[in-house]
Amino acid sequence: MCSSYKHRPARYTDIDAQLLKIFDATPVPMVLSRPDGSFEYANPALREMLGYSKEEIYSSDVIISHPDEAEINQDIRSQLKTDPFSPIRIEKRYLHKTGRIIPGYLTIVAEADTQGGIKRFISQIIDQTEQKRSHDQLLLASYVYKNSSEAMMVTDANNLILDINPAFTNITGYKLTELFGKSPNCLNSGRHNASFYAEMENTIDQTGQWSGEIWNQRKNGEVFAEWQTIDTIYDDKGSVLRRIALFTDISKKKEAEALILQQANYDSLTGLPNRRLFLESLKHEIRKTQTTGLSGALFIIDLDRFKEVNDALGHDQGDIMLRETGNRLRQLIRESDFVAHLSSDEFAIIQSEIGSPQEIEMTANKILTKLQQPFQLTNEQVFISASIGISLFPDDTVKAEQLLRNADQAMHNAKRAGQNRYQYFTPAMQKQAVKRMNMIRELRYAVERQQFELYYQPIIDLQSGRIVKAEALLRWHHPLNGLTSPAEFIPLAESTGMILRIGEWVFTTAARQLSNWRKQGHTELELSFNASPLQLQSDGIQPEDWLQQLDQLDIPADSMVIEITENLLIENNHKARAVLDYLRKGSMKIALDDFGTGYSSLAYLKDFKTNYLKIDQGFIRNIPENNNDTALCETMIIMAHKLNMQVIAEGIETDEQRLFLTKAGCDFGQGWLYAKALPADKFESLMNKQTRTNLLASV
Ligand code: C2E
Ligand code: MG
Ligand code: MG
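By convention here, each chain's residues receive numbers from 1 onward along its written sequence. The naming scheme follows written order: chains are lettered A onward, ligands numbered 1 onward. At least 70 in pLDDT is required for a residue's local features to be given in this predicted model, at least 80 for side-chain atom pairs to be given and counted, and no such filter applies to totals for whole chains, interfaces and linings, which use all residues. Just so you know, side-chain values use all the structure's heavy atoms and leave hydrogens and water out.

### So, the coordination of the magnesium ion (ligand 3)
Ideal geometry at a metal centre gives angles of 109.5 degrees when four donors are arranged tetrahedrally and 90 or 180 degrees when six donors are arranged octahedrally. Note the following rule: Keep in mind that water is not among the atoms, so a site may look incomplete; donors are the N, O and S atoms within 2.8 Å of the metal, or 3.2 Å for Na, K and Ca. Partly exposed residues are those whose accessible area sits between 20% and 50% of the maximum for their type, while under 20% is buried and over 50% is exposed, using a 1.4 Å probe and protein chains only.
Binding of the magnesium ion (ligand 3) to the protein goes through Asp593 (OD), Asp594 (OD), Glu650 (OE) and Glu650 (OE), at separations of 1.9 to 2.6 Å. Taken in sequence order, the residues that donate to the magnesium ion (ligand 3) follow the motif D-D-x55-E. In this structure aspartate 594 comes out as partly exposed when scored by relative accessible area, which is 26%.

### A few points about the coordination of the magnesium ion (ligand 2)
In plain terms, the rule: The helix and strand labels rest on DSSP assignments: H or I over at least four residues marks a helix, E over at least two residues marks a strand, and numbering proceeds from the N terminus.
In this structure, Glu471 (OE), Asn530 (OD1), Glu563 (OE) and Asp593 (OD) serve as the protein donors to the magnesium ion (ligand 2), at separations of 2.0 to 2.2 Å. Along the chain, the residues donating to the magnesium ion (ligand 2) fall in the pattern E-x58-N-x32-E-x29-D. The distance between the magnesium ion (ligand 2) and the magnesium ion (ligand 3) is 4.2 Å, with aspartate 593 acting as a donor to both metals. Placement of glutamate 563 in strand 22 (residues 560-565) and of aspartate 593 in strand 23 (residues 589-595) is noted, with a sequence separation of 30 residues between them.

### Focus on helix 17 (residues 499-519)
Filter applied, for reference: Multiplying 1.5 Å by the helix residue count minus one yields the expected span of that helix.
Compared with the 30 Å implied by 1.5 Å per residue over 21 residues, the 30 Å span of helix 17 between its first and last C-alpha is a close match. At the C-terminal side of helix 17, glycine 521 shows a positive phi close to 105°.

### Overview of the packing of aromatic side chains
Defined as follows: Whether two aromatic rings pair depends on their centres lying within 6.5 Å, for rings of Phe, Tyr and Trp, where Trp uses its six-membered ring; planes under 30 degrees apart make the pair stacked, over 60 edge-to-face, and the rest tilted. Look at NZ for Lys and CZ for Arg. If either is within 6 Å of the ring centre and within 35 degrees of the ring normal, a charge sits over the ring.
Summed over the entire model, instances satisfying the criterion amount to 17 aromatic pairs. Centroid distance phenylalanine 452 to tryptophan 505: 5.9 Å. Interplanar angle 45°. Geometry classified as tilted. With phenylalanine 452 in strand 18 (residues 452-461) and tryptophan 505 in helix 17, the pair connects residues that are 53 residues apart, well separated along the chain. A relative accessible area of 23% places tryptophan 505 in the partly exposed class. Three or more aromatic residues joined by ring pairs form one cluster here, namely Phe452, Trp476, Phe489 and Trp505. Looking at arginine 328, its charged tip hangs above the ring of phenylalanine 375, at a distance of 3.9 Å from the centre.

### Quick word on the site of ligand 1
Heads up, the condition is: If even one non-hydrogen atom of a residue comes within 4 Å of a molecule or strand, that residue is called near it. Counting of polar contacts relies on pairs of N or O atoms within 3.5 Å, with two restrictions inside protein: one atom must be capable of donating a hydrogen and the other of accepting it, and residues adjacent in sequence are counted only when both atoms are side-chain atoms. Methods summary: accessible areas were calculated by the Shrake-Rupley approach with a probe of 1.4 Å, and residue burial reflects only the protein chains presented. Definitions used throughout: a 1 Å grid over protein atoms alone; a cavity as a set of points that fits a 1.4 Å probe which cannot get out; a pocket as an open set with protein on both sides within 12 Å along at least five of seven lines; a lining residue as one with an atom within 4 Å of a point. Molecules are considered to sit inside a cavity or pocket once more than half of their atoms lie within 2 Å of its grid points.
Neighbouring residues of ligand 1: 20 residues in total, closest Gln457, Arg475, Asp593, Glu653 and Trp672. Measuring from an oxygen atom of ligand 1, one finds a backbone N or O atom of tryptophan 672 at 2.8 Å. Considered on its own, ligand 1 offers 790 Å² of accessible surface; in the complex 82% of this is hidden by protein. Mapping ligand 1 onto the cavity grids shows that it belongs to the largest pocket. Among the secondary structure elements, those contributing two or more residues to the shell around ligand 1 are strand 19 (466-478), helix 16 (486-496) and strand 23. Looking at which element gives the most residues to the shell around ligand 1, the answer is strand 19, with four residues.

Just distances and angles here, no functional claims.
The structure is reproduced here in structure tokens:
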């Protein structure tokens, strides 16, 4: 089929009618031409391919061969001349009526006449536009695959690696030979937990796609961040054929982002959050109080006389001091608290979810003590102190800026009042704080000045009505306020650590008292004393020493009972457990005080053997009116007995309560119905009276 051929319409009579039908029906473009090359017949498929009508196609003006292919056409003609019966097969380009180039595959065969000469040529042109396009696309895809800066990985339906591109090798360091047939999880960095991967797999299974940030590991062990997109190719039946993962290394971008974030939110000297981040965090904490209902405190901490040090020793020394201050503050806060460096020598702490005012004071005292410790500068040691202003949220205000001004004002008040102290913004809080501070000061001398006394409250055997035990309860004869309740001063003693000394005094005094009573013949009496969790958690108690004291006083250790609260067991404090284990091995008894007010976990009761369970007076108070409480008391008694514990009911005030508890099988009772906590001599006479008459009637 050559453009230079003179076209002439076919004389159909020359062509077999049967053949013509086939030519007309076939979808393959066909041309019949005469030995001289002129068109005899062009079938509808050819006309359609080239865009011409039946009338147009035979026109001599129609050029269907690409103009650049004159030389090829010439070659074809010569070949047909010299060797007409050898079929020709060649790729050629044709022109559509619109000028579009059509790639085609041309086949020409010759039909012989009866004399063995050429009757005609039959040509067939296969339109290769589609093949060519997909071939080009494949070429392009392969080019992109090889040259992309994005790493690509192809896996099969079982998620085993089939191929990776050069960018993948560049980024990860792995070659295809090292990864072929392996699972991509050989790239896992260990930075994500199992649920991260499970969720990712789940998304891919459900949607076929996933994209997100992921940390992977290069061959050299380096962990890097990448942005990954995973897609799935399915087969005709909808089953997974291939998965394709594309990713770019975003480590550099992340580093840059982190740096920007660091510079915008952190102070370069101390590495602490700056004012901006602090204010944001403060607003967040204030908002949180709306849902938790708990208060928070803002502490503004300003170093006293910092300017003097800075001026005298130079700014570099001042910087060392500020850095060290930052470190110290960071060390003393809880994980949930927030510390920031606001400006030169001003720091801030946000303490959230505060349970009691003591917690605030404990933090303030810790800050003061920590900053009083010497600062080691390049050549010398320097001592300074700090003034602290405290404002509470949401109590004082719920506006962050206002809160900051409040705390700042309180801090200046602390400076004016003589530095090295803390002040509250609210006058009422300040008044209470002063009262507590005075009490703490007085508490310090209470042991030496012999202001403490132990009172003893009898514990009655409910069956016999006899005093069989006593609980030692601490009293403070305050020089001005008179007899002060432990509820008022024990928390203060705990917050300052003074409880350790006081606790020792309680133990020794109780032991000596018991020894006296034993000498008087009360050898069956058991004496219990209260121990603060703090005593057990720190190195406050030397259990060996206690057992030795008892030995020296000739007291069998099982006559003493240590009362602890259940929270101590739950907090899983190893130190406390070890102390209690030691005491128990030395046969001291253990009572679980105020049971029912804490977690009341059965699991802990089962694991940790205690001798007595003391039902808190809160449950006894409403017996027999409150059905819930009566049911709870009964349950606690049954449960304790099942666990081989005996039960002491606290706070029995009425005969109904005593009767109910006795019927419920409770072993012992304690409360005002029998006696209040009494000074030793009064308790002693009560015991002596009992030995003479059975004072307290049994049921
Ligand atoms: P607790 O160990 O649960 O002591 C029982 C408290 O209930 C005592 O209060 C006692 O006087 C009071 N009470 C007894 N019977 C009745 C009653 O029938 N009705 C009412 N309303 N109250 C009754 P107290 O002596 O004020 O002690 C309070 C808490 O202080 C004690 O609770 C204990 O947790 C603590 N405490 C007392 N002495 C010490 C001590 O030496 N060391 C330590 N760490 N804490 C102590
Ligand atoms: Mg107690
Ligand atoms: Mg109690």
